[in-house]
Amino acid sequence: MPGEVDTDEYEDVWVFIEQHESEAAKVSWELLQKGRELADEKGERLVALVMGEDVSHLAEEAIERGADEVLVVEDPIFEPYLPGPYGEQFSELVEERKPDIVLIGGSHTGRDFAGRVAVPTYAGLTADCTELEIEADTHLLLAKRPTFGGDAMATIKCVEHRPQMATVRPGVFDAAEPDPDREGTTTEVEAAVGEENVHSRVLERVVGDITDITDAEVIVAGGFGTEGEFGPIEELADLLGGEVAATREAVEEGWIEAARQVGQTGKTVKPDLYVAAGISGAIQHLEGMNDSQTIVAINDDPNAPIFDDADYGIVGDLFEVLPALTDAIRDEQEGTA
Amino acid sequence: MSREWNIVVCVKQVPDADDVSIDPDTGTLNRSDAEAVLNKPDYNAVETALRLKEAVGGTVTAVTMGPPFAKAVLEAAVGLGADDGILLTDRAFGGSDTWPTSLALAASAEELDGDVVICGEESTDSSTGQVPPGIAAHNDWSQLTYVEELEPRPENDELVATRDIEGGHEEVAASLPVVVAVGFGMNEPRVAGLHRKIFSETEFEPEEYSASDLGIEESVGLAASPTSVGGMDTADPVEREREMVDSVDELVDKLQSEGAI
Ligand SMILES: Cc1cc2nc3c(=O)[nH]c(=O)nc-3n(C[C@H](O)[C@H](O)[C@H](O)COP(=O)(O)OP(=O)(O)OC[C@H]3O[C@@H](n4cnc5c(N)ncnc54)[C@H](O)[C@@H]3O)c2cc1C
Ligand SMILES: Cc1cc2nc3c(=O)[nH]c(=O)nc-3n(C[C@H](O)[C@H](O)[C@H](O)COP(=O)(O)OP(=O)(O)OC[C@H]3O[C@@H](n4cnc5c(N)ncnc54)[C@H](O)[C@@H]3O)c2cc1C
């Protein structure tokens, strides 16, 4: 067990740039934006960390999106992601460069990585933060996360250990816009990982286009009540120029791709309009959508908990209500056109 | 090389979510009257462990860290078919965050000469999902998280997993010993057989380990935890209209007047 650390030796805010096949996960840019705010508040630098085989172009993009410095570690051992080599390299970097704060995306890859690296670095790691602030007098990171179904917010601190680490689910913060005029430095770091750090190997990887529902202004979501028939959901979403989303239950059933899952273990969305059809309103689902502007619930059970968290509710069969709603909106649109 | 596997399954006791309430006067969480239950995702972990044993042979040992009454979740696991249960209980463990929690579980997996450690995706109370990779890191073992399918390859001392990743999935072969976190809902957990259930509740007694039994008394508990809960606020609930409408025309009117469509 590592001993006491001198917290004054640690400075700068780091963001782990998650990338797959040389393409950055959007959550990394979301964290760069938040990291910029935190670094400015502390008067420190924002450093992006990029690991992979062919990733130097991501360094430029990270600078355009707010990084002062980008650490690039290029080696075939880092493609695709594996916790052993990534964890070992990260521990080395932390030991050598002593970051004060490290932000990591709360995707499956990010959580796999964060949980692995927090142990050897003896970092305080807070999961699924929805607010990150710097405490005025201490300059400590205040990592806030919803707990007990969003009824409460816990503030987690890491007072005596460094780095202070946090994961954030995709969609919680807005992504940084690139500014081609921004300047920063790129530092190439030699890979410090050997075969002894590789405990596993990827046999196959099947990744399609990654759908992004986090920026949608309208979302029509279906749950177990759709019984797998998403047609009426898609029609309404199409008419409103929105995205289709779903509960975890519907994803588990294989009715819809996982990238469209909303909730605690899925995406966080904040559209202007969220229509929930055949969704009961479990706390884990609400956590991903209760910042939506207007929520409409359609459920055939008048006692479904979703009605308590909706602005407007209709009790009825979604297979009747949704098509009628789509028709009524289409009529309205044509009438006013 | 083929041999039977020592399978360890980590099970956590959590307050029944439906029973947790906020005290309206103090704004604090009222967990004390909540009934303690087995973390729901851990049913998938127990099921996975039992199926691995059926495929490869060996034993399944359930481990929990918690207060003495956490014994109940071990009974649940033994009732489902686990061969034995270990209770990690000690005042010294109190206030542990994920760093020492995963250390205690890692040390017991080592003590049990574990080949495979199976965990749930995350707990339903603090839901960090950090404990499984933490266990792997403490022991420098391989890790497989967000697992949807598992295929044992005892002839290679390997476990092959299909992992759910952003936009798709990947197949990964990990060398033993390995820590696995299975996706919530990845299998249909079995129901406990009546005889086994009665045995677990009447005859089964877990072995207890203290922090010093595991030689980690200096590295657990509140003092060894890098994080601390610095405060708990009731979240401002989003105000909702909660208006029931009778027809889609009425709904369209409402949405139009709000500018939502
Ligand atoms: C660790 C953990 C993490 C989780 N993470 C998430 C997450 O990220 N996202 C998530 O969504 N869930 C998550 N869950 C699952 C969550 O607890 C619920 O099980 C899930 O959200 C329920 O999905 P549902 O509403 O589609 O299904 P159900 O709860 O089965 O509800 C279906 C609803 O449809 C209604 N219905 C049925 N037929 C019709 C019809 N014809 N017309 C209208 N209404 C109809 C029913 O009345 C019912 O209310 C998680 C659970 C755990 C334990
Ligand atoms: C409101 C609140 C917020 C918290 N936030 C954080 C935080 O952000 N970071 C942090 O480090 N700590 C945090 N903690 C402390 C955390 O609750 C404990 O470390 C906890 O014992 C383990 O974390 P978990 O429940 O998140 O486990 P998870 O990692 O979510 O659990 C995954 C799996 O690990 C196994 N497992 C976990 N705990 C045990 C156990 N005790 N016995 C047997 N198996 C187990 C189970 O198989 C479980 O399914 C928080 C506590 C509270 C009350």
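1. Thoughts on the overall build of chain B
Phase 1: Looking only at helices and strands, chain B has six helices and 15 strands in total.
Phase 2: Along the longest, intermediate and shortest principal axes, the C-alpha atoms of chain B span 70 × 40 × 40 Å.
Phase 3: Classification of the 261 residues of chain B by burial places 54% in the buried group.
Phase 4: For chain B, the accessible area works out to roughly 11500 Å², and carbon and sulfur atoms hold 46% of it.
Phase 5: Distance between charge centres in chain B, computed from 16 positive and 53 negative side chains, equals 4 Å.

2. Describing the site of ligand 1
Phase 1: Taken together, the neighbourhood of ligand 1 is formed by 27 residues, with Phe224, Thr247, Thr265, Ser280 and Asn299 of chain A sitting nearest.
Phase 2: Close to ligand 1, residues of chains A and B are found.
Phase 3: Contacts to ligand 1 include Gln261 of chain A, whose side-chain N or O atom sits 2.8 Å from an oxygen atom.
Phase 4: The separation between a nitrogen atom of ligand 1 and a polar main-chain atom of Val262 of chain A is 2.8 Å.
Phase 5: Isolated, ligand 1 exposes 990 Å² of accessible area, and the fraction of that covered by the protein chains is 85%.
Phase 6: Elements supplying a minimum of two residues to the shell around ligand 1: helix H6 (248–252) and helix H7 (283–286) of chain A.
Phase 7: Among the residues forming the shell around ligand 1, the class breakdown is six nonpolar, 15 polar and six charged.

3. Here's the deal with the site of ligand 2
Phase 1: Close to ligand 2 lie 33 residues; Lys12, Asp42, Thr98, Ser126 and Thr128 of chain B are nearest.
Phase 2: One chain alone does not account for the residues near ligand 2; they come from chains A and B.
Phase 3: The side chain of Ser123 of chain B places a nitrogen or oxygen atom 2.7 Å from an oxygen atom of ligand 2.
Phase 4: At a separation of 2.5 Å, an oxygen atom of ligand 2 approaches a polar side-chain atom of Ser126 of chain B.
Phase 5: Computed on the free molecule, ligand 2 has an accessible area of 940 Å², of which 93% lies beneath the protein chains in the complex.
Phase 6: For the shell around ligand 2, the secondary-structure elements that each account for two or more residues are strand S7 (124–126), strand S9 (141–147) and strand S10 (152–157) of chain A together with strand S6 (58–65), helix H3 (98–111) and helix H4 (131–139) of chain B.
Phase 7: Of the residues that constitute the shell around ligand 2, the class distribution is 12 nonpolar, 15 polar and six charged.

4. Section: the pattern of salt bridges
Phase 1: Under the counting rule described, the total for this entry stands at 43 salt bridges over all chains.
Phase 2: With a closest N to O distance of 2.9 Å, Arg248 of chain A and Glu252 of chain A form a salt bridge. Pair noted here: Arg248 of chain A and Glu252 of chain A are both in helix H6, with a separation of four residues, about one helical turn.
Phase 3: Classification of Glu252 of chain A as partly exposed rests on a relative accessible area of 32%.
Phase 4: Arg163 of chain B is paired through a salt bridge with Glu170 of chain B; the nearest N and O atoms lie 2.8 Å apart. This pair shows no difference in class: Arg163 of chain B is buried, exactly as Glu170 of chain B is.
Phase 5: Overlapping salt bridges, with partners in common, bring together Lys26, Glu30, Asp212 and Asp215 of chain A in one network.

5. Observations regarding the packing of helix H4 (residues 108–117) of chain A against H4 of chain B
Phase 1: Where H4 of chain A contacts H4 of chain B, the axes come no closer than 7 Å and their chain directions differ by 45°. Considering their axes alone, H4 of chain A and H4 of chain B lie oblique with respect to each other. Note that H4 of chain A runs across H4 of chain B; the crossing there is right-handed. Across from Arg111, Asp112, Gly115 and Arg116 of chain A in H4 of chain A, the residues of H4 of chain B making contact are Pro133, Gly134, Ala136 and Ala137 of chain B.
Phase 2: Split by residue class, the contact of H4 of chain A with H4 of chain B holds three nonpolar, two polar and three charged.

6. Notes on helix H6 (residues 248–258) of chain B
All names here are of chain B.
Phase 1: Along H6, the residues classified as buried are Val248, Leu251, Val252 and Leu255. Seen end-on, H6 carries its buried residues on one side only, within an arc spanning 100°. Among the exposed residues of H6, those oriented more than 90 degrees off its buried face are Asp249 and Ser257.
Phase 2: A positive backbone phi angle near 75° is found at Gly259, which sits one or two residues after H6.

7. Points about the sheet that holds strand S4 (residues 46–52) of chain A
Within a sheet, neighbouring strands are paired by backbone hydrogen bonds and run either parallel or antiparallel to one another.
Residue and element names in this part refer to chain A.
Phase 1: Ordered by their spatial adjacency, seven strands build an open sheet running S7-S11-S6-S1-S4-S5-S12, and the pairing between neighbours is parallel. Of all strands in the sheet, those bounded by a partner on one side alone are S7 and strand S12 (185–188). Strand-to-strand, the axes of this sheet are offset by a mean angle of 20°, without reference to chain direction.
Phase 2: For strand S6 (residues 101–105) and strand S11 (residues 164–168), the ladder comprises five bridges, and the chain directions are parallel. Across the sheet, residue Ile101 finds its bridge partner in S11, namely Gln164.
Phase 3: Docked against the sheet, H4 engages strand S1 (13–17), S4, S6, S7 and S11, running at close to 145° with respect to S6.

Calculation notes
- Residues numbered from 1 in each chain as written.
- Chains lettered and ligands numbered in written order.
- Predicted model: local features only at pLDDT ≥ 70, side-chain atom pairs only at ≥ 80, totals over all residues.
- Heavy atoms only, no water.
- Helix = DSSP H or I, 4+ residues; strand = E, 2+ residues; numbered from the N terminus.
- Buried < 20%, exposed > 50% of the residue type's maximum accessible area, 1.4 Å probe, protein only.
- Areas by Shrake-Rupley, 256 points an atom, 1.4 Å probe, with all protein chains shown as cover.
- Lys, Arg positive; Asp, Glu negative; His and termini not counted.
- Charge placed at Lys NZ, Arg CZ, Asp CG, Glu CD.
- Near = heavy atom within 4 Å.
- Polar contact = N/O pair within 3.5 Å; in protein donor to acceptor, adjacent residues only side chain to side chain.
- Nonpolar A, V, L, I, M, F, W, Y, C, P; charged D, E, K, R; others polar.
- Salt bridge = Lys/Arg side-chain N within 4 Å of Asp/Glu carboxyl O.
- Axes fitted to C-alpha atoms, helices over the stretch in contact; angles between N-to-C directions.
- Parallel < 35°, antiparallel > 145°, perpendicular 65-115°, else oblique.
- Left-handed = near helix turned anticlockwise from the far one by under 90°.
- Contact = heavy atoms within 4.5 Å.
- Arc of directions from axis to C-beta.
- Pairing = 2+ DSSP bridges.

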